[in-house]
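Survey of secondary and tertiary structure
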Amino acid sequence: MRARERGRTQRAEPAAPGGGRSRLDQPRTTRPGLITLPTYDPEAFGKLSERIARFLGTGRFIVWMTIVVVVWVGWNTVLPDSVHFDDYPFIFLTLMLSLQASYAAPLILLAQNRQDDRDRVNMEQDRARSDRNIADTEYLTREVAALRQGLGEVATRDFLRSELQSLLKEIDERRETSEVL
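Everything numeric here is computed off the predicted structure, so don't read it as measured data. (Residues numbered from 1 in each chain as written. Predicted model: local features only at pLDDT ≥ 70, side-chain atom pairs only at ≥ 80, totals over all residues. Heavy atoms only, no water.)

1. Overview of the confidence of the model for the protein
Keep this limit in mind: Residue-level confidence of the predictor is what pLDDT reports, using numbers from 0 through 100. Secondary structure elements follow DSSP: runs of H or I of four or more residues count as helices, runs of E of two or more count as strands, with numbering from the N terminus. Should any heavy atoms of two residues lie within 4.5 Å, those residues are considered in contact.
Taken over all residues, the pLDDT of the protein has a mean of 84, while the share at 70 or more is 85%. Mean pLDDT per element in the protein: helix α1 (residues 2-12) is the minimum at 47, and helix α3 (residues 59-78) is the maximum at 94. Across residues 1-16, confidence stays below pLDDT 50; counting only partners more than four residues off in sequence or on other chains, it has 9 contacts.

Below, the structure is given as structure tokens:
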């Protein structure tokens, strides 16, 4: 049985660089013979999508979008027919707004996913910090309890004063009794 497994693993490994068979347990990085797609930095793309999503969620975006739509509709209704580029049903405007929405929705979702990831990391750090604080508090509670027990066995200043006063009274009483005799 083991001999078979060894034979399988030997067949799956590449024979030699430059013409051998590639490993089947790892994904290919490039496809031979096809056009390779450009690479991008996911972190930079994520930051850009967050900036766009933040802008899309502002009043400034709504004002600019309203101005664009009003100018678009005004241009295609008020001006002469020779300069119209999108007549009354405004199909091109609808197409442009749909295109903007089709790009905005995934960018907003990407920004939300990134925010969820940051929130998850922050929550894990807060939980770890809370666990450390609880452990520290429990440790300090045990230490205070140990100190209280230790102080219970130690003579305090008030205890010593009361003992000394009772001894002085006892001595005074003995003197008085010895003087009377």
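There's more to say after this.
2. With respect to the pattern of salt bridges
The test is simple: Salt bridges are identified by distance alone: a Lys or Arg side-chain nitrogen within 4 Å of an Asp or Glu carboxyl oxygen. For the exposure calls, accessible area comes from a 1.4 Å probe over protein chains only, and a residue counts as buried if that area is under 20% of its type's maximum, exposed if over 50%, partly exposed in between.
As enumerated under the stated definition, the model contains 7 salt bridges in all. We note a salt bridge from E50 to R118, for which the minimum N-O separation is 2.8 Å. One end of the pair, E50, is in helix α2 (residues 42-56); the other, R118, is in helix α4 (residues 91-153), and 68 residues separate them in sequence. Exposure remark for E50: the relative accessible area of 7% places this residue in the buried category. Note that E170 and R174 form a salt bridge whose closest N and O atoms lie 3.5 Å from each other. Separated by 4 residues within a single helix, E170 and R174 lie in helix α5 (residues 157-180), roughly one turn from each other. R174 sits in the exposed class, given a relative accessible area of 59%.

3. Concerning a nonpolar patch on the surface
To keep things clear, this is the line we draw: For patches, a residue must show more than 30% relative accessible area and have no salt bridge; joins then use 9 Å for like charges and 5 Å for nonpolar side chains, namely Val, Leu, Ile, Met, Phe, Trp and Tyr. Here the accessible surface of atoms and residues is derived via Shrake-Rupley with a 1.4 Å probe, and residues count as covered only by protein chains that are part of the display.
Taken together, W75, L79, V83, F85, F92, L95, M96, L99 and Y103 make up a surface patch of nonpolar side chains, about 840 Å² in accessible area. Broken down by element, the residue count for the nonpolar patch peaks at 5 residues, all from α4. For M96, the position within the fold is in helix α4.

4. Regarding the packing of aromatic side chains
What counts is decided by this rule: Each Phe, Tyr or Trp ring, with Trp reduced to its six-membered ring, pairs with another whose centre is within 6.5 Å; inter-plane angles below 30 degrees give stacked pairs, above 60 give edge-to-face pairs, and intermediate values give tilted ones.
In this structure the tally under the stated criterion is 5 aromatic pairs. Plain terms: the ring middles of F55 and F61 are 5.6 Å apart, the flat faces sit at 80° to each other, and that makes the pair edge-to-face. You can call F61 buried: its relative accessible area is 16%. Pairing W72 with F85 gives two aromatic rings, centres 5.0 Å apart and planes at 70°, and the pair type is edge-to-face. Residue W72 is found in helix α3, and its partner F85 is found in the loop between α3 and α4; the two are separated by 13 residues along the sequence. Judged by its relative accessible area of 13%, W72 is buried. Each residue in the set W72, F85 and F92 is aromatic and connected to the rest through ring pairs, giving one cluster.

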